[in-house]
Amino acid sequence: MKLILLALPLFALPMAAQTLSITNTSNGALDDATYGADFVVNDHVLVQIQGAATNSAITVTEYKNGVLVADNSYVAQTDGSGNWSAPGTETASDIGSYIQDWYVGGTQVGNELTFEVIPRPGSLSVASATVASPNCSYPNNVGLDADIKYNILGIENGGINIQTDVLMEPYEDGEGYGNNGVDLGPYHSAIGPRSGWSNSSQYAASDGTFHDVPLGGCFGYPFGNGAGASQDISIYIGDNNYDVRPNQRWYFSGTSQGHGSVTNDNDATVTQ
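Residues numbered from 1 in each chain as written. Predicted model: local features only at pLDDT ≥ 70, side-chain atom pairs only at ≥ 80, totals over all residues. Heavy atoms only, no water.

Visitor: Help me get a handle on the overall build of the protein, residues and values and all.
Guide: For the protein, the count of helices and strands is 0 helices and 19 strands. Compactness check: the protein gives a C-alpha radius of gyration of 28 Å against a globular reference of 19 Å for 272 residues, more than 25% above the reference. Here the C-alpha coordinates of the protein stretch approximately 110 × 50 × 25 Å along the principal axes. Out of the 272 residues belonging to the protein, those deemed buried represent 41%. (Helix = DSSP H or I, 4+ residues; strand = E, 2+ residues; numbered from the N terminus. Rg over C-alpha atoms; globule rule 2.2 N^0.38 Å. Buried < 20%, exposed > 50% of the residue type's maximum accessible area, 1.4 Å probe, protein only.)

Visitor: Provide a residue-level description of the state of the cysteines, including the pertinent values.
Guide: Following the criterion strictly, the structure yields 1 disulfide and no others. Each disulfide pairs two cysteine sulfurs, and for C136 the partner residue is C218, the sulfurs being separated by 1.8 Å. Taking the torsion about the sulfur-sulfur bond, which here is approximately -65°, the covalent link between C136 and C218 counts as left-handed. Of the two residues, C136 is situated in the loop between β11 (121-131) and β12 (142-154) and C218 in strand β15 (residues 209-219); the sequence distance between them amounts to 82 residues. According to the relative accessible area criterion, C218 is partly exposed, its value standing at 24%. (Disulfide = S-S within 2.5 Å.)

Visitor: I'd love a proper account of the nonpolar core, names of residues and values included.
Guide: If you look at the biggest cluster of nonpolar residues, it comprises 28 residues, and the most contacted ones within it are I148, I152, F210, I237 and W250. Those elements that provide at least two residues to this core are β12, β15, β16 (228-237) and β17 (240-256). The element best represented in this core is β12, accounting for 5 residues. If near-sequence neighbours (up to four positions away) are discounted, I148 is found in contact with V126, S128, A129, F210, H211, D212, L215, W250, A268 and V270. Counting residues in hydrophobic clusters, the runner-up holds 20 residues, among them F39, A70, Y98 and F115. (Core = buried A, V, L, I, M, F, W, Y, C linked by side-chain atoms within 4.5 Å. Contact = heavy atoms within 4.5 Å.)

Visitor: Which residues make up the environment of N140, and what values do they have?
Guide: When you line up the elements, N140 lands in the loop between β11 and β12. Owing to a relative accessible area of 40%, N140 belongs among the partly exposed residues under this scheme. Between the C-alpha atom of N140 and that of S56, which follows or precedes it by 84 residues, the distance is 72 Å. Apart from the residues lying within four places of it in its own chain, the contact partners of N140 are C218, F219 and G220. Within polar-contact distance, the side chain of N140 engages the backbone nitrogen of G220 at 3.5 Å. (Polar contact = N/O pair within 3.5 Å; in protein donor to acceptor, adjacent residues only side chain to side chain.)

Here it is in structure tokens:
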């Protein structure tokens, strides 16, 4: 009897991919599947490694604000499945810009992570208050439009500007008032962008400033006597918002074409 031996091809079973992730479990809109997640102080963080070498040393090399703070430093050990995770909460001492490379058993896991931890927005200060350009135009050309530039000040950084590449979006809520204080109804909107004003943007600049422009009243007749608006300003970062200037009251007046005043009850006055 003749035996025929069949040569069957051998297929190697695919190995599970090693993965590294850092996620913001308080604000998923700040997650980035490639580079990690950004954080605001008090956000919760979760670092996870999966599918790596089993029962092996986890180390990290980390730069904070460009300074080497961990050089292949030991962190923990993977379990019998090659997994590891660590939850935490970002604090004021964590504020900064980070670059991290993670290793398991000396082999890099995942991509290099780059992310920021920033202070919570706490308040605003007026950087400048000027006449907007362009200003009120025909036919509603009596009055004045102002350009109010704000600084976004942090809580945990000593009350200075939050300088960051993390997107911060200014929003406003309030009530509008016409001549003689006539209630024009409520409003809720992003402060920018506004078409026609080049310095009006959806997001704050990386130096922690933004422009509320145009701000004022433009009518076809002289006005005043309670015209203006109430305004609450908040800063959206991802899915979370931070109230930075509540209960602000603006007063608008118009005397002639392109002339009038815009003033609040605190720290900004523009007249022409």
